[in-house]
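Observations on the three-dimensional arrangement
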Amino acid sequence: MKRPTILVLGAGYGGLSTVVRLQKQLGTDQADIVLINKNEYHYESTWLHEASAGTLTPEQVRYDISKVIDAQKVNFIQATVEGINIKEKVVTSSVGTHTYDYLVIALGFEGETFGIPGLDKYALSIANVKAARYIREHMEHQFATWSIEKEKDDSRLTIIVGGAGFTGIEFLGELGNRVPEMCKEFDVPFEKVRILCVEAAPMVLPGFDEELVTYAVSQLESKGIEFSIGTPVVEATPEGVKIKKGEDEFEFIKAGTVVWAAGVRGNRLIEETGIENMRARVKVDKDLRAPGHDDVFIVGDCALMINEEINRPYPPTAQIAMQQGDTCADNIVALLKGDPTTEFVPDLKGSVCSLGSDDAIGVVMGKKLTGKKASFMKKMVDNRALYMIGGVGLTLKKGKFDVL
Ligand code: FAD
Ligand code: NAD
């Protein structure tokens, strides 16, 4: 009898966790596991703010997929997925077509611009490792240009960060450390630089613990970062952004760099599958299958699950994507054996938001943390993700041990 094919799309946290668990549980004769990913490497999306600011190199935030998969059991194909036809059970990619018996969609997130004019074209997004490298090089180019131009345009040295959610704040934390270094490297006086965070909501990190938010804002302000709160970005142009300051009051801020960190959506390919979705996120069944499609699992940022305690969706996080990967693998194995599937129940340990490599805020197991303790915890969380997917070897090679 033909072995069933399990096709996994995307080698981020959700996809890799699924594959690593499947390869542990299944023998070569039980299934053909196929993994498709755009690049030959996995990148740590949770470290992209560091690669974007330039506090880590692209090399430090990625590793070869071949290092964590068992080539005897998993056929890895480097290709870009171009279409998913769930009726015909065929996926098209840049290298051909791929059929499946079970499909796992783990294609991750894209930046959401909410249709705000100009943002897609003129703002940069911390979307993947190549985009992160571009942001770093763009800022460096602006600084280098300023230092040689005769008629100096100081707005080149203005960096605007749209959104004060976790991504925006973590990126600002890195900038707080990196910009003084860039000033030295490019002969730019620090006082000429302006770093401004523009947030639509009435507070930074909306919904997070207020005491911790106050700590974060004061730490970032002490590094020269400014905040404009309750002032949504309403337009971006090649020169900068327009923000709304009151009912009929707007301000245009010129800037050499605009980084848009004001929210995420699922991968656009989801919207073409015909599966009902909201911003390319599918409200999955409790066992992570797409409603009405028993052979399609969706994990990570393309999946949406409601936290019934508060009747709101769980936030899209790596923490949840990895746990979903494990449950998804278990459920596929169960189906192969003819056993019932199990419900996905997130085990949330808390959240930690870095403020540079030496500072952070967080709530872990209900306990509030700030400063070096929180920063240590963030590094342990980062190392744990490496360990869960690649074991001790990968953790020692790529982990963050500078505070141990
Ligand atoms: P991803 O990690 O985005 O992986 C998707 C994969 O699919 C990628 O490898 C991509 O290359 C591949 N892919 C995409 N399109 C295609 C295609 N067409 N063809 C082939 N391959 C494709 N969460 C936390 O829990 N803790 C944190 O500290 C944290 N920090 C974050 C910091 C930043 C700066 C950002 C941006 C996010 C952070 N998050 C954090 C959120 C977390 O990164 C995401 O929730 C997580 O990456 C989602 O995992 P995923 O597997 O769904 O997708
Ligand atoms: P987010 O949706 O959490 O935050 C986006 C912010 O942008 C919000 O504060 C929102 O009010 C603001 N915003 C929206 N429209 C705006 C506008 N027009 N002008 C100005 N501000 C605007 O998005 P995120 O920060 O990218 O995070 C995405 C997901 O990744 C979340 O689930 C988050 O928890 C997760 N994440 C986690 C960590 C961590 O755990 N350390 C780090 C980064 C991201």
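In the annotation of an unreviewed UniProt entry, the chain is listed under the name FAD-dependent oxidoreductase and assigned to Sporosarcina ureilytica. The record in UniProt for the chain states the following under Cofactor (unreviewed entry): "FAD". UniProt lists a comment for the chain under the heading Sequence similarities (unreviewed entry), and it reads "Belongs to the NADH dehydrogenase family."

This part covers a nonpolar patch on the surface. Among the surface-exposed residues, Tyr387, Met388, Val392, Leu396 and Phe401 lie close enough to one another that they form a single nonpolar patch of about 500 Å² accessible area. Tracing the chain through its elements places Val392 in helix α8 (residues 371-398). Owing to a relative accessible area of 52%, Val392 belongs among the exposed residues under this scheme.

On the basis of which strands lie adjacent, the open sheet formed by five strands has the order β11-β18-β12-β13-β14 and parallel pairing. Pairing within the sheet leaves two strands with one partner each, and these edge strands are β11 (124-125) and β14 (225-229). Looking at chain direction, strand β12 (residues 158-162) and strand β13 (residues 194-199) are connected through five bridges and run parallel. Each bridged residue has a counterpart across the sheet, and for Val161 the counterpart in β13 is Cys197. Relative to the sheet, helix α5 (residues 166-186) contacts β12, β13, β14 and β18 (257-260), its axis offset from that of β12 by approximately 160°.

Summed over the entire model, instances satisfying the criterion amount to 27 salt bridges. Note that Glu59 is salt-bridged to Arg62, the shortest N-O span being 2.9 Å. With relative accessibility at 47%, the residue Glu59 sits in the partly exposed group. Here Glu185 and Arg178 are joined by a salt bridge, their closest N and O atoms 2.8 Å apart. Classification of Arg178 as buried rests on a relative accessible area of 2%. Each of the salt bridges in this network shares a partner with another, and the network as a whole consists of Arg136, Glu140, Arg178, Glu181 and Glu185.

Here we come to unusual backbone geometry. Non-glycine residue Arg279 carries a positive phi angle of around 50°. Here Arg279 is to be found in the loop between β19 (264-266) and β20 (282-283). For Arg279, a relative accessible area of 46% puts it in the partly exposed group. With phi around 55°, Asn311 is a residue other than glycine that occupies positive phi space. Mapped onto the fold, Asn311 is located in the loop between β24 (306-307) and β25 (312-313).

Around ligand 2, the surrounding shell holds 23 residues, and the nearest of these are Thr167, Glu199, Val233, Pro316 and Val352. Residue Phe166 places a main-chain N or O atom 3.2 Å away from an oxygen atom belonging to ligand 2. Within the contact set of ligand 2, a nitrogen atom lies 3.1 Å away from a backbone nitrogen or oxygen of Ala200. Contact with the protein chains covers 76% of the free accessible surface of ligand 2, which is 850 Å². Among the elements of the structure, α5 and β13 are those that each provide at least two residues to the shell around ligand 2. A per-element tally of the shell around ligand 2 places α5 first, with three residues.

Close to ligand 1 lie 32 residues, the nearest being Gly14, Asn37, Val81, Asp301 and Ala318. The backbone of Gln319 places a nitrogen or oxygen atom 3.0 Å from an oxygen atom of ligand 1. Starting from 1000 Å² of accessible surface for ligand 1 in isolation, the protein chains cover 90%. Looking at which domains feed residues into the shell around ligand 1, each of domain 1 (5-38 + 79-111 + 265-348) and domain 2 (124-263) supplies at least three.

Let us now look at the side chain of Thr395. Its location among the elements puts Thr395 in helix α8. There is a polar contact of 3.3 Å between the side chain of Thr395 and the backbone nitrogen of Tyr387. Once residues lying within four places of it in the same chain are set aside, the contact partners of Thr395 are Asn383, Leu386, Tyr387 and Phe401.

In this section: the environment of Gly356. For Gly356, the position within the fold is in the loop between β26 (350-354) and β27 (360-364). Relative accessible area serves as the criterion here: at 3%, Gly356 is assigned to the buried category. C-alpha of Gly356 to C-alpha of Asn177: the two residues are 179 residues apart in sequence and 6.5 Å apart in space. With sequence-adjacent residues up to four places away left out, Gly356 is seen in contact with Gly173, Glu174 and Asn177.

Thresholds, definitions, all that
Residues numbered from 1 in each chain as written. Chains lettered and ligands numbered in written order. Predicted model: local features only at pLDDT ≥ 70, side-chain atom pairs only at ≥ 80, totals over all residues. Heavy atoms only, no water. UniProt positions renumbered as here; feature names shortened; annotations may be inferred. Patch = residues over 30% accessible without salt bridge, like charges linked within 9 Å, V, L, I, M, F, W, Y side chains within 5 Å. Areas by Shrake-Rupley, 256 points an atom, 1.4 Å probe, with all protein chains shown as cover. Salt bridge = Lys/Arg side-chain N within 4 Å of Asp/Glu carboxyl O. Helix = DSSP H or I, 4+ residues; strand = E, 2+ residues; numbered from the N terminus. Buried < 20%, exposed > 50% of the residue type's maximum accessible area, 1.4 Å probe, protein only. Pairing = 2+ DSSP bridges. Contact = heavy atoms within 4.5 Å. Axes fitted to C-alpha atoms, helices over the stretch in contact; angles between N-to-C directions. Near = heavy atom within 4 Å. Polar contact = N/O pair within 3.5 Å; in protein donor to acceptor, adjacent residues only side chain to side chain. Domains from an automatic or database assignment.

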